[in-house]
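Here are the chains, one letter per residue:
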Amino acid sequence: MTEQNPGTLTATPGQTVGPFFGYALPFPKDNELLAPGSPGTIRLQGTVYDGAGHPVPDAILEIWQPDSAGQVSRRTGSLVRDGYTFTGWGRASTGNTGRFTFTTVNPGPTEEGAAAFIAVAVFARGLMNRLFTRIYLPERPEYLATDPLLSSLPEDRRDTLIARRDADGGLSWDVRLQGDGETVFLDFQGTATPTGASR
Amino acid sequence: MTSGPRTVHSDPDAAAETQADLSAEIAATGASYRQDLLGGAAPETQPRLDFAPYRSSILRHPTKSLHHADPETIELFSPAFGHQDVHALESDLTIQHNGEPLGERIIVSGKVLDGDGRPVAGQLVEIWQANAAGRYIHKRDQHPAPLDPNFTGVGRCITGEDGSYRFVTIKPGAYPWKNHLNAWRPAHIHFSLFGSEFTQRIVTQMYFPGDQLFPLDPIYQSIVDQDARDRLVARYDHDLTRPEWALGYTWDIVLTGAHRTWTENEAFGDAGDEE
């Protein structure tokens, strides 16, 4: 490894995931962070929509989350799941109807008093670069009210990041890439420090 | 492959727009960008999400600005992958079937680095690509070029302690698509990469040097800055080339700068990895 000056390398650009990831990125049980039916598991489901309100059949989502106690898993084994090890990460392709489903657990808050959320990356044909967003649990409004991200958003856009609790205990949350109810997508690099100095 | 932003399959005649139409749009955007640069704008380093010459992007790009967020705990970590997840042989795309795939055997190798130049060790790299004839094995690929029974075009590996990755594969062919009439993608390999933080997650495409299709391709051209585009082009590397066996291409990938204080023992994940 050669010495590099800190913060001087410019990031490689992203490109669209294209139309043909379907034989490459999916893998068995990719969307099952735990085996369905395991104690504490819930279904997280939703639909990806384009700017015309049509479902997007060729999108793929990844989620990354703490366990129900708020612990960040450092365990390997996401790609070859044993059904018992919670690695915190999963991947789900949308089908013909634009729908995706994960089997997971409710994330716990990673810090006392923090709002619990699931981190999400969205990829699709026609989407030039991946988009980051979050799925917050709808409970604990007092934590949602003080969450740094949610409280920085206009009221009408906050709701795009908050899941609905289903009657069966699961979560529903949709992605709207464009237009009415457009999901809030995140920039972690910031524009104030374009040199990469944001540490 | 699609011919329009809204439908998965449609009449090829619908793609009546010519390359000249598309090239004019691309040129206008490029000229406008160079004017911005002269006016003191900062160089762009990523593709534009809103880039109409790639027709499928028209209804699939956010119209609101990305919202700045400081990453929180979970986003400052990345899922851990290890050799339980990926077998060493998955990095050789030429040995997945009974026979040798057709085409030009190549080695593609490089390093995954973060924005501070630190190696991204023990992380997952996934690739997928067309075969030598420019045909994907995907069932929706309608390109009437031959499938190769000895080539799937999917590979994975885990980066080494120095952030290095290495694949043996076949040079992919150019690929026709229906964005417009006579649209051809430059030869490319799709790459999916993880960093040490979820904020560094990226999917991109690696190209080959000197491809004549670069100026014509709306996906490559969605990156309006030439220096940024160049970061997606591998370098022919004769030192990597193996005599009488395979040509070598080197391509390093830089992820966005890491936010979290980095510790030495993260090299293969805190859980460790039995290798």
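It should be emphasised that the depicted structure is a prediction, and the values quoted were computed from it without experimental measurement.

Draft legend 1. Local environment of the overall build of chain B. Helix and strand counts for chain B stand at two helices and twelve strands. Start at the N end of chain B and walk to the C end: the helices and strands fall as α-β-β-β-β-β-β-β-β-β-α-β-β-β. In chain B, once contacts between residues fewer than 6 apart in sequence are set aside, the share between residues at least 24 apart is 76%.

Draft legend 2. Structural view of the interface of chain A and chain B. Taken together, the contact pairs 71 residues of chain A with 77 residues of chain B. Of all the secondary-structure elements, those providing two or more residues to the side of chain A that touches chain B are strand E5 (117-124) and strand E10 (186-187) of chain A. Counting residues per element, the side of chain A that touches chain B draws most heavily on E5(A), at four residues. Two strands pair when backbone bridges link them, and E10(A) and strand E1 (residues 67-68) of chain B are joined in this way by two bridges, in the parallel orientation. The residue of E1(B) that forms the bridge with Leu186(A) is His67(B).

Draft legend 3. Inspection of the sheet that holds strand E8 (residues 188-193) of chain B at higher detail. Residues and elements named next belong to chain B. Spatially, E4-E3-E8-E9 is the arrangement adopted by the four strands of the open sheet, whose pairing is antiparallel. Two strands bound the open sheet, and with one partner strand each, they are strand E4 (154-158) and strand E9 (202-207). For this sheet, the mean angle separating the axes of adjacent strands, direction not counted, is 20°. The pairing of strand E3 (residues 124-129) with E4 spans five bridges and is antiparallel. Across the sheet, the residue bridging to Val125 is Cys157, located in E4.

Draft legend 4. Representation of the pairing of strand E1 (residues 41-49) of chain A in the model. All names here are of chain A. Relative to strand E4 (residues 99-105), E1 is paired through seven bridges, and the arrangement is antiparallel. Paired with Ile42 across the strands is Thr104, a residue of E4. As paired elements, E1 and strand E8 (residues 171-172) share two bridges and run parallel to each other. Opposite Gln45, over in E8, you have Ser172 as the bridge partner. In this sheet, strand E9 (residues 175-176) lies alongside E1 in parallel orientation, the contact comprising two bridges. Its bridge partner being in E9, Val48 is matched across the sheet by Val175.

Reading the values: rules and limits
Residues numbered from 1 in each chain as written. Chains lettered and ligands numbered in written order. Predicted model: local features only at pLDDT ≥ 70, side-chain atom pairs only at ≥ 80, totals over all residues. Helix = DSSP H or I, 4+ residues; strand = E, 2+ residues; numbered from the N terminus. Contact = placed C-beta atoms within 7 Å. Pairing = 2+ DSSP bridges. Axes fitted to C-alpha atoms, helices over the stretch in contact; angles between N-to-C directions.

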